[in-house]
Amino acid sequence: EILYVGLPGSQPKDSEETLNEAADAHMQALEQIMLPHCWWNYTPENSAKRGDLWNGENLSIVSNNEGRAPASLIRPYISRCSGVPVSQS
């Protein structure tokens, strides 16, 4: 079976802190239930004023050629595990 989990919703275009909080909460929830995941939104035209230019969202990992929310999006992960993992903390 494949489970698809959507993005955490539209974010205000002027709030990097809100993106950090939303990204961290989203990633923590997926990590707690041990689901593999990735943040799949790269919009090179993103800016604080215009957002992603789609659906009012502002979730791109870049804005004005700079990374966004790196503390929330760059995370350690299990690449190999001997046995059955019981947590990712």
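Structure: see above.
A few points on the structure. (Residues numbered from 1 in each chain as written. Predicted model: local features only at pLDDT ≥ 70, side-chain atom pairs only at ≥ 80, totals over all residues. Heavy atoms only, no water.)

**Notes on the environment of Ser 72**
Part 1: Here Ser 72 lies in helix 2 (residues 70–73).
Part 2: For Ser 72, a relative accessible area of 5% gives the class buried.
Part 3: A sequence separation of 51 residues divides Ser 72 from Glu 21, and the C-alpha atoms of the two residues are 7.7 Å apart.
Part 4: Not counting residues within four places of it along the chain, the set of residues in contact with Ser 72 comprises Asn 20, Ala 23, Asp 24 and Met 27. (Helix = DSSP H or I, 4+ residues; strand = E, 2+ residues; numbered from the N terminus. Buried < 20%, exposed > 50% of the residue type's maximum accessible area, 1.4 Å probe, protein only. Contact = heavy atoms within 4.5 Å.)

**So, unusual backbone geometry**
Leave glycine aside and you will find that most residues have negative phi; peptide bonds, for their part, are mostly trans.
Part 1: The backbone phi angle of Asn 64 is positive, close to 50°, even though this residue is not glycine.
Part 2: Within the secondary structure, Asn 64 is located in the loop between strand 1 (62–63) and strand 2 (66–67).
Part 3: In this structure, Asn 65 takes a positive phi of about 65° despite not being glycine.
Part 4: Examined against the element boundaries, Asn 65 turns out to sit in the loop between strand 1 and strand 2.

**Side note on the pattern of salt bridges**
Close approach of charged atoms allows side chains with opposite charge to pair.
Part 1: For the structure shown, the criterion picks out 2 salt bridges.
Part 2: Ionic pairing is found between Asp 24 and Arg 75, a salt bridge with its closest N-O pair at 3.1 Å. One end of the pair, Asp 24, is in helix 1 (residues 16–32); the other, Arg 75, is in the segment after helix 2, with 51 residues separating them in the sequence.
Part 3: The shortest N-O distance in the salt bridge between Glu 31 and Arg 75 comes to 2.6 Å. Placement of the pair is Glu 31 in helix 1 and Arg 75 in the segment after helix 2, with a sequence separation of 44 residues. Of the two residues, Glu 31 and Arg 75, both sit in the buried class.
Part 4: Because the salt bridges share partners, they merge into one network encompassing Asp 24, Glu 31 and Arg 75. (Salt bridge = Lys/Arg side-chain N within 4 Å of Asp/Glu carboxyl O.)

Purely geometric stuff here, so don't read any function into it on its own.
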